[in-house]
Amino acid sequence: KLPALLDPGSAAERVVEAFEDKVIDLPTQKIYHPMRFWTDDVRKKFGYKDSSNWNARLACYFAVKCGAFSVAELNTMGTRKMIAEGRKEYNNKYPTDKPGYYAACLDLCRN
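(A) Layout of the packing of aromatic side chains. In the structure shown here, the tally under the stated rule is 8 aromatic pairs. For the ring pair Trp54 and Tyr102, a centre distance of 6.1 Å and an interplane angle of 40° mean the geometry is tilted. Of this pair, Trp54 sits in helix α3 (residues 51-65) while Tyr102 is found in helix α6 (residues 101-110), placing the two residues 48 residues apart along the sequence. When the centroid spacing of 5.3 Å and the interplanar angle of 50° are considered together, the rings of Tyr90 and Tyr94 count as tilted.

What follows is the structure, given as structure tokens:
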């Protein structure tokens, strides 16, 4: 199970902070380095083995950074809506040759 990311701000702000800056996990009172550095080995080291939860977090990040939504729209979305929209936009951008959510999110982060 991934950290709950229960810090202040909108869901979109929490997703971006966790991927780009730091992960704040209030229930365990721990701070981790950004998710963009979480390779498979690092996730295993932290004990996070749920790839569906991991991909959901990446889909949220994709929704925030893909450019399809305004800040106002993102501020009204909860994580479930962001997951659905992120998956939809990912499939629109990569209809056939899919790089995987992690690679696609790294690309968005770098550009």
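(B) Inspection of the pattern of salt bridges at higher detail. Across all of its chains, the model carries 4 salt bridges by this definition. Glu17 serves as the salt-bridge partner of Lys22, at 2.7 Å between the closest nitrogen and oxygen. On the accessibility criterion, Lys22 (33% relative accessible area) is partly exposed. Across the salt bridge formed by Lys65 and Glu20, the nearest N and O atoms sit 3.3 Å from each other. Pair noted here: Lys65 is in helix α3 and Glu20 is in helix α1 (residues 11-20), with a separation of 45 residues, a long-range link. With a relative accessible area of 33%, Lys65 lands in the partly exposed category.

(C) Region of the structure containing the packing of α3 against α6. The geometry of α3 relative to α6 is characterised by a closest axis approach of 9 Å and an angle of 30° between their N-to-C directions. When you trace α3 past α6, the crossing you get is left-handed. Together, Trp54, Asn55, Leu58, Ala59, Tyr61, Phe62 and Lys65 of α3 and Tyr101, Tyr102, Ala104, Cys105, Leu108 and Cys109 of α6 make up the contact between the two elements. Looking at side-chain class alone, the contact of α3 with α6 contains 11 nonpolar, 1 polar and 1 charged residues.

(D) Highlighting the nonpolar core. With 32 residues, the main nonpolar core has Phe19, Met35, Trp38, Tyr61, Phe62 and Met82 as its most contacted residues. Looking at this core, the elements that each hand over two or more residues are α1, α3, α5 (79-93) and α6. Ranked by residue count, the leading element in this core is α3, at 9 residues.

The rules behind each value
- Residues numbered from 1 in each chain as written.
- Predicted model: local features only at pLDDT ≥ 70, side-chain atom pairs only at ≥ 80, totals over all residues.
- Heavy atoms only, no water.
- Phe/Tyr/Trp six-rings, centres within 6.5 Å; stacked < 30°, edge-to-face > 60°.
- Helix = DSSP H or I, 4+ residues; strand = E, 2+ residues; numbered from the N terminus.
- Salt bridge = Lys/Arg side-chain N within 4 Å of Asp/Glu carboxyl O.
- Buried < 20%, exposed > 50% of the residue type's maximum accessible area, 1.4 Å probe, protein only.
- Axes fitted to C-alpha atoms, helices over the stretch in contact; angles between N-to-C directions.
- Left-handed = near helix turned anticlockwise from the far one by under 90°.
- Contact = heavy atoms within 4.5 Å.
- Nonpolar A, V, L, I, M, F, W, Y, C, P; charged D, E, K, R; others polar.
- Core = buried A, V, L, I, M, F, W, Y, C linked by side-chain atoms within 4.5 Å.

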